[in-house]
Structure formats: C-alpha cells, structure tokens
Amino acid sequence: MRKTVNQKAWFFILPVLVLVAFNAILPLMTVVNYSVQETFGNNEFFWAGLIWFEQVISSPRFHDSLIRQLIFTFSILAIEIPLGVIIALAMPRKGMWVSVCLVLMALPLLIPWNVVGAMWNIFALPDIGLMGYTLNAIGFDFNFTRQIEDAWFTLLLMDVWHWTSLVVLLAYAGLVSIPDAYYQAARIDGASSWAIFRYIQLPKMKRVLTIAVLLRFMDSFNIYTEPFVLTGGGPGNSTTLLSIDLVKIALGQFDLGPAAAMSLIYFLIILLLSWVFYTLMMRNEE
Amino acid sequence: MRTRWLIPTVYIIFLMLPIYWLLNMSFKTTNEILGGLTLWPQTFTLENYITIFSDPTWYMGYVNSLIYVSLNTVISVAVALPAAYAFSRYRFLGDKHVFFWLLTNRMAPAAVFALPFFQLYSAVGLFDTHLAVALAHTLFNIPLAVWILEGFMSGVPKELDETAYIDGHSFWSFFIRIFMPTIAAGIGVAMFFCFMFSWVELLLAKTLTSVEAKPIAATMTRTASTSGYELGLLAAAGVLTIVPGAFVIYFVRNYIAKGFALGRV
Amino acid sequence: MARITLDNLGHAYMPNPQAPADWALQQLDFEFADGGAYALLGPSGCGKTTLLNIISGLLVPSRGRVLFDGEDMTTRDPAARNIAQVFQFPVIYDTMTVRQNLAFPLRNRGVPAAEIDARVREIAEMTDLTEMLDQRASGLTADGKQKISLGRGLVRDDVNVIMFDEPLTVIDPHLKWQLRSKLKELHRRIDRTMIYVTHDQIEALTFADRVVLMKDGGVVQIGTPVELFERPAHTFVGHFIGSPGMNLLPCIMAGDKAMIGDTAVSAANAAAVKPGGSLEIGIRPEFVSFADKGLPVRVTRVMNAGRYRIVETVTGSGETVKLLASNEDAVPSDATHLSFDPAFTRIYRNGWLAGEGRDA
C-alpha cells in the first residue's frame, strides 16, 4: 500500500510508546544498573564493572542451563513444526468438522500455564496418573520425578501437547488461503501429491510458518511455569531451563548482580537467534 | 486418501486425554484419588466444586483474574488501535525501527522482568492491584495487538479513508464509525490473543500480587503447598480455569486461524 | 488433438435434483470438432464454468458422458485427459522460474531433459517469454503470468484441448487486445481445439469460430458470430449480443402480417407463426431506419457513440425502439416514422424464434 509521509503519526503511537517504555525501558535500566554493581545489602551499591558478565559467561551452571535450553527448544521445534504441518494438511477444509477441530485443538492454548503443568503432573504420576500408570503397566519403568530421561520425555510431550495446535492453526490458515485453481492446475499438470506439497502448499505456507517458528522459538526459550510446576527443574537440575535458573538466582538467592547480567545475556541470545531465524527464512523473499 | 481423517482424530484424542484425567479427578474424593487408579469416579462427588464456589479465597481468584485480564485486553487493544493505524497508513521518522522494537518486547522473557517489575510497581504504589498486572501484561500484549491489527488494517484499501473524508467525516468520526466496524474481525482476533496470553500467564501475575488481586493460578499453587496435596480440589480448580478459554474460543472459532495469517512479519 | 462429444450431459450440485432449477447444467448434447475455436458465452452463473470443469475432469457430471474421439473420459482424472486450462486468476508456481514453470507438466510425466529443454524454448518463443525464462515467475506482471499458464498448456504436444476460463479478467485493458490476438494467432499456428469461457461478447465473438450461448444452465443457441447476430434463436440472444441489444415489441398476427398497434409489419418468419402464445417482433437497431411512413414514433434522445449515433424513440404505446444513425444523417427532431428491414425482422413466440420448434 502506498503510504503518505506524516510525522504527526507519532501522536498515534504515543500511548503505546508511553506504556511499553514504562514496562520495558525502566525495568531494563534497573537490570542494567544491577548488572554492573555489587551490593552487600543495606541498599549500598558499588561499581563492579563487567565482573558479573564474566562470571555468568564462564559459569558452568549457566552453560548447562543454556545447553539444556537449546536442546529443549530445538527438540520441540523439530517435533512441533512438521507435526503441525502434517495435521493441518490432514484437516478437513469445509463443513462442520472444521469448527469442531479448531475449537478442540485450540483448547490447550487457553489453559493457564501452571494448570498445564499441574495437569501433566497428575497425568504422568506413576501411581495415580493415567499415562504413568499405563506405561508402567505395559512394562516400562516410568517415573518422571526420579529418572532424567522420563522427566525430559514428559516435558517434551507436554510442550508438544500444549503448543502444536498453534502451529496447526497457523499452517491451516495458510492452507485455506490457497485458491482452488492452484490445486486444479496442478491436477491438470499431472503433479503428484508430493509435488503439490512442495511447489504449492509449502511456498504458500512459508509466511505463516515463519511466524510459527519465531513464536515457538521465543516462547519456548522463555518457558518457565510449565516445567517449574511439572518437575521443578528436577530431578536434580536435569530440567532446569534458563528461566527457571534465572528465577532461582534472582528471587531465590537474591543474587541481583549475576541475575541481572544473566538476564541481559539471555535476552540478547533470544534477539540474536530470532534475527538469525528471520533472516534465514526470509532470505529468498523478493 | 480415505484414512486422512485419522490424523486429526488421533491428535485430538491425544489432546483430550490429560483434560479427561483432570475432569475425572475433579469429581473424585481425595481418598479415591490416593487409593488407586480408577478410570471413572466410583463415588461421584461435587464436593470439590462446592468448596471452590463457597470459599472466597478460591472464587475471588477467578474474579481477580477475570478483572485484570479484561482490563489488560481493553487497554492493549485501545492503545494498539491508533498505533496500528499509524503503521498501516503513514510513513514517519523511525517507523520501521519502532515497529521492530515493539516486537522485540514480545521476545522478552517474563523471568527477566519479574524482579524489576516488583520493584517498579511497588515504587509507584500499584503493587497488589489489578491494574498492576493488567499494565505488566501490556508489555507482550501491546506488540502482539499492534502486529495483528496492522495486518488487518493494511488489508483495507486507503480509498475507504479518502471517501469518508470527502463525505465530510472528521478523523475520529471516520475511525470509530466506519473504520473500526470494517476491521471488527481483526479487533476480535486481537482481543482473543490478548485475553489468551493474559489469562495463561502466571509468573508476573503472581509476582505483582499478594492478597487483594491474587489470580486463581496463584491461589492454586499456594493452596497446593500450604494445605497438603488436595488433588481433587486442585483438579476442580484447574477444570474451572479451562471454562472461560473454551467460551472465548467458541466465539472466535472462525477467526483464530486468520489472526496470525494476516499479521505481517 | 481430439473431437469432444458431450452425450446427454447434465450436472447438479445437490444430491437429488428435481425441478429444472436444481440443475446447474441442463441436458446437453454437443460435439466440439477437432481443431475448432469455441466460446462458451453467457452471464455469470449460467453454467459455463461447470461445463468447462466437467470437460477438464475437475468435476464428474451427475449424468451423461464426455467422450474424447469416441473414448469415454467421464470419470478419468484430469491428468489422464491431456488437457490444458488457463484460469481466471493466473496460476503459477511462485518459487519456480519461468523455465521451470513451463517444464513442470513435462517433468511430471517423466519426459527426458533434452526434450523438455527444446520444447520449453519453442513454447517460450511462441508466447514471447524467451527473455524472461530465468526470472522468477512470481515477479512477472499479470499478462506475463497468464502467458506462463498458457505456455504450460501448450508445452505438451499431445494436448487434446486448451481451455480458457475468463483469462483476461485481471489483464489491463490495453493489453487485453494484445493477448487476445496472440491467442488467435496461436490457434492458427498449432491447430488445437480451444474452448474459451467468457461473459464478454466481444471476446467471444472475436475469438471463436463457433459460439455456444448459455443461460440458466441450458444452451440457448450455438452458431457462428454472424448467425448469433443476424438470426438470434431467442430474445435473450438478441438482447445479450449486440450493443445496443435487439428491439423487442409486442405484436399480434393479422394474416401474414404482424401488427404493432395499427401498423402492419412484414417479418421473415411470419408464415411460420403458430396461433396463440405471446408474440414479439425482434429487430436489431442496425436494421431500423427513418421513413416517411411506417411505425409512428417520437424521437426522445440522441446519443453519440463515436462513429455513429444511437437514436432512442418511443411508440404511441410507450415502447422504446432504438436505431443507429450515421453522423451525417439528419435525425428528425420529433414525430417521425420507422421502417424495419423485412429480412431481419423476426417474430418470437414465447421468447423463442417462431417456427423453429422450440417456441411451444
């Protein structure tokens, strides 16, 4: 759309700027402030330079959390994106079943995150949970509160349960926007189902899938409540992702300096990776 | 393929299983839950629900959540509307940078902001108010609302604006009487997503409240730790948190898929 | 290359069609001769796209058969019919280059690479796409994209029929002419059966050797453009084709003359009119002229249409009669008389041309 130059448009975005600045810039300044100071209580602060940053970057604890976070995020992306696309492709395009599917599939998205965690906790408990009990009954030694692999399995399954629908909804929105004529032309051109997917459906879904990857990336990198309620970061520290670790340091141990430095590094990693994803996925555009 | 329907069906069954388990548990007595695994309540009880609806510390949790979620939805969409209009219609100094900066706030981990928010909202005297949570949630809801609305608004031809001015409408009269009804679907979708992300968030809501504005989600975690493991009660409370979401989805079912599709990256 | 036969064809989108209105396509028997240029013409919703989709195999008809050279194709898959179709909105594969787009139907059929290359070059040259072969198809303008669609149809040398579904809808007016003459030229060059669906009479009449005019799911008239113009089989044809359309005036029969009020008019088919029914005189504005005696009218309006003028007159009973006058002719300013060319004056009974068997 052609747009006119109008500097007064700034007045339209002023309310947004004021609110977001209040919420983003002030706290961020607080964080930056803490990240370069040392405190011994009594509200006394001393300049500490970059030692907190050096400490966080060289700390094995941070490395472990970051690696766990990366494994978690890339695992769920690798499962949820293809799975969401497959389900969207198999969904009906017309009729009453569309609404039924959409409503039921969207349901997990609207459940408070701690309830999701609690629900999966009681679903997976080996003694009274349907899933845990069934797995043990058919011969698996399943206990997610004790065994690391079981904890990770439950954690990943929970996230797939919770968020695949978002990918489905987005992919489906992309699919239904393809005019019938494309499918008709492809049939006349003798295209196979794979060719239809590769040359018609996938290109038309590219935009919504970019959104899906970005959203799932950001949100999974920020995940806190669900794993906290499900496993509390355990057993041991085996499911302690970045946010859980950060909250432990900041609110649990009240180590403001390291927590602030970690926050900033954390935020920068997300920005950087989001930018990389975005650039990679939009590379061939125009 | 004749068996194509199997894929969504299996997926939906997978989605429903944990919900069924929660529902099942909410109608059981604590004894039955701890006694062993039963696929259906042997002694069906509404006791858990009755407790929730008769105890103000429980039901006020829902009221509090609904209050700050509604407040947040109204604030986010109200300020996002003019901003989205500016981004969709005008070019101005720094427009692209501001748009991108807004979106980066959507990436901010809530955990990073928990402590600074606690200090900030305590400093301005808003701690433990509905408004505090509503404002805190605008951090990630405003960028999202601006993004969705901008997508919908860009789909409306500029000729509509021009015709309205020629017909003698002032800007606000055009915006409220003509433009907003035109993008009603977009406003619906934006409100849906604001509702959704405010309703499901717990970390900030819990950090910014203690008694007066405590959300239901926080009530659940605190009850679980203080009064022992009352699983039936917890399950019933969980079931009740699903209900508002289910209502909202039903009303916007034809638009949810479109919402993000029309938004611009 | 094939002769396409429609045998007792009919289609309804609902499961149990009862009334005639339930049928999107009424009973139809027709043969498209090999190598002909046909147009399916009619207003929106007349069933022409339904018919096109049945021929291309995107739709299986509720009854009847579609035969290609006598072979039953009714339930065959579109890919098996060796047809090509150009859609209303350009359908191209966005991620491919123009070359890959043109090669796509051949690649799907496993044609050797060298052969594909040669064929693509030839077709690109024919459709003026040679210079853009390595550009991305999504970057082309609407007419370029339609050329790709057309090229994808032409690239297979075994194509039975090429079908066009209102292909000029999204093309800029000044390019419509170009693309239309390109189609005409290609038809002469490759000698394939082409079927062109449109609601635009000029597109239909300039493109086709034979025009199939449809209305409400049924075929009203099939003929050459000249036949449709000079001898409309139904008042609808007279009205739909021509600008302005045919004049229609209620009349009664008195012996072998038709009477409009008190004026006797001779008509080409007067002798064939059966008694009863509602009768109308149909005469195109092109065949009406001013005269000293004849039908008394008043001139109400004169519109300039460039090379000629359209004169609107009104009879004593309030019926409008239009006629064409050259720019040089004097147009009477008020009361005057009109005469009709008897060779092109026809009587319609219940809407249909009298004496042709469909006017019952």
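This is a predicted model, so every value here is computed, not measured.

Engineer: Report on the overall build of chain C, specifying residues and quantitative values.
Structural biologist: The helix and strand tally for chain C stands at 8 helices and 22 strands. In terms of its C-alpha atoms, chain C occupies a principal-axis envelope of roughly 75 × 50 × 30 Å. When the 360 residues of chain C are sorted by exposure, 41% land in the buried category. Residue pairs in contact within chain C that sit at least 24 positions apart in sequence constitute 65% of those at least 6 positions apart.

Engineer: Please set out the sheet that holds strand β13 (residues 257–260) of chain C residue by residue, giving values where relevant.
Structural biologist: All names here are of chain C. The 3 strands are arranged β12-β13-β14 in an open sheet whose pairing can be described as antiparallel. The strands lining the two open edges of the sheet, one partner per strand, are β12 (252–254) and β14 (263–265). In this sheet, neighbouring strand axes are inclined to one another by 45° on average, regardless of whether the strands run parallel or antiparallel. The pairing of β13 with β14 spans 3 bridges and is antiparallel.

Engineer: With reference to specific residues and values, describe the interface of chain A and chain B.
Structural biologist: If you look at the interface, chain A gives 74 residues, while chain B gives 80 residues. Here the side of chain A that touches chain B takes 14 residues from helix α1 (residues 9–35) of chain A, the largest share from any one element. Of the residues contributing to the side of chain A that touches chain B, the split by class is 57 nonpolar, 15 polar and 2 charged. Bridge count for strand β1 (residues 4–5) of chain A against strand β1 (residues 90–91) of chain B is 2 bridges, and the pairing is parallel. Across the sheet, residue Val 5 of chain A finds its bridge partner in β1 of chain B, namely Arg 91 of chain B.

Engineer: Could you give an account of the domain arrangement of chain C, with specific residues and numbers?
Structural biologist: By a widely used convention, the size of an interface equals the accessible area lost when the partners come together. All names here are of chain C. Entries for chain C in the domain assignment read domain 1 (4–235) and domain 2 (244–353). When each unit is reduced to the centre of its C-alpha atoms, the spacing between domain 1 and domain 2 is 39 Å. Contact with domain 1, which involves 5 residues of that partner, is made by 9 residues of domain 2.

Engineer: Lay out the interface of chain C and chain A in plain terms, naming residues and giving numbers.
Structural biologist: Chain C puts 19 residues into the contact, and the matching count from chain A is 15 residues. Mapped by element, the contributors of at least two residues to the side of chain C that touches chain A are β6 (83–86) and α2 (98–108) of chain C. Tallied by class, the residues present in the side of chain C that touches chain A amount to 12 nonpolar, 4 polar and 3 charged.

Engineer: So what's going on with unusual backbone geometry? Which residues, and what values?
Structural biologist: Residues and elements named next belong to chain C. With an omega dihedral of -5°, the bond running from Ser 243 to Pro 244 counts as a cis peptide bond. In this fold, Pro 244 is placed in the loop between α8 (235–240) and β11 (247–250). Phi at Asp 191 is positive, roughly 55°, even though this residue is not glycine. Within the fold, Asp 191 resides in the loop between α5 (173–190) and β8 (193–198). One non-glycine residue, Asp 216, lies in positive phi territory at about 50°. Checked against the element boundaries, Asp 216 lands in the loop between β9 (210–215) and β10 (218–223). The partly exposed category is assigned to Asp 216, around which 17 C-beta atoms lie within 10 Å.

Engineer: Talk me through α2 of chain C; I want residue IDs and the actual numbers.
Structural biologist: Every α-helix winds through 3.6 residues per turn, so residues three or four apart in the chain are directed the same way. Residue and element names in this part refer to chain C. For α2, the full list of buried residues reads Val 98, Asn 101, Leu 102, Ala 103, Phe 104, Pro 105 and Leu 106. Those residues of α2 that are buried lie in contact with α3 (113–126) and α4 (142–154). Note on α2: the residue one or two positions beyond its end, Gly 110, has a positive phi of about 70°.

Engineer: So, the pairing of strand β3 (residues 37–41) of chain C: which residues are in play, and what are the values?
Structural biologist: Residue and element names in this part refer to chain C. Most of β3 is tucked away, with 5 of its 5 residues classed as buried. Side-chain alternation along β3 places Ala 37, Ala 39 and Leu 41 on one buried face and Tyr 38 and Leu 40 on a second face that is also buried. Both β3 and β8 contribute to a ladder of 5 bridges, which runs parallel. Note that in β8 the partner of Ala 39 across the bridge is Tyr 196. Bridge analysis of β3 against β9 gives 4 bridges, and the strand direction is parallel. Within the sheet, the bridge partner assigned to Ala 39 lies in β9 and is Val 211.

What counts, and where the lines are drawn
Residues numbered from 1 in each chain as written. Chains lettered and ligands numbered in written order. Predicted model: local features only at pLDDT ≥ 70, side-chain atom pairs only at ≥ 80, totals over all residues. Helix = DSSP H or I, 4+ residues; strand = E, 2+ residues; numbered from the N terminus. Buried ≥ 20, exposed ≤ 12 C-beta atoms within 10 Å, placed from the backbone. Contact = placed C-beta atoms within 7 Å. Pairing = 2+ DSSP bridges. Axes fitted to C-alpha atoms, helices over the stretch in contact; angles between N-to-C directions. Nonpolar A, V, L, I, M, F, W, Y, C, P; charged D, E, K, R; others polar. Domains from an automatic or database assignment.

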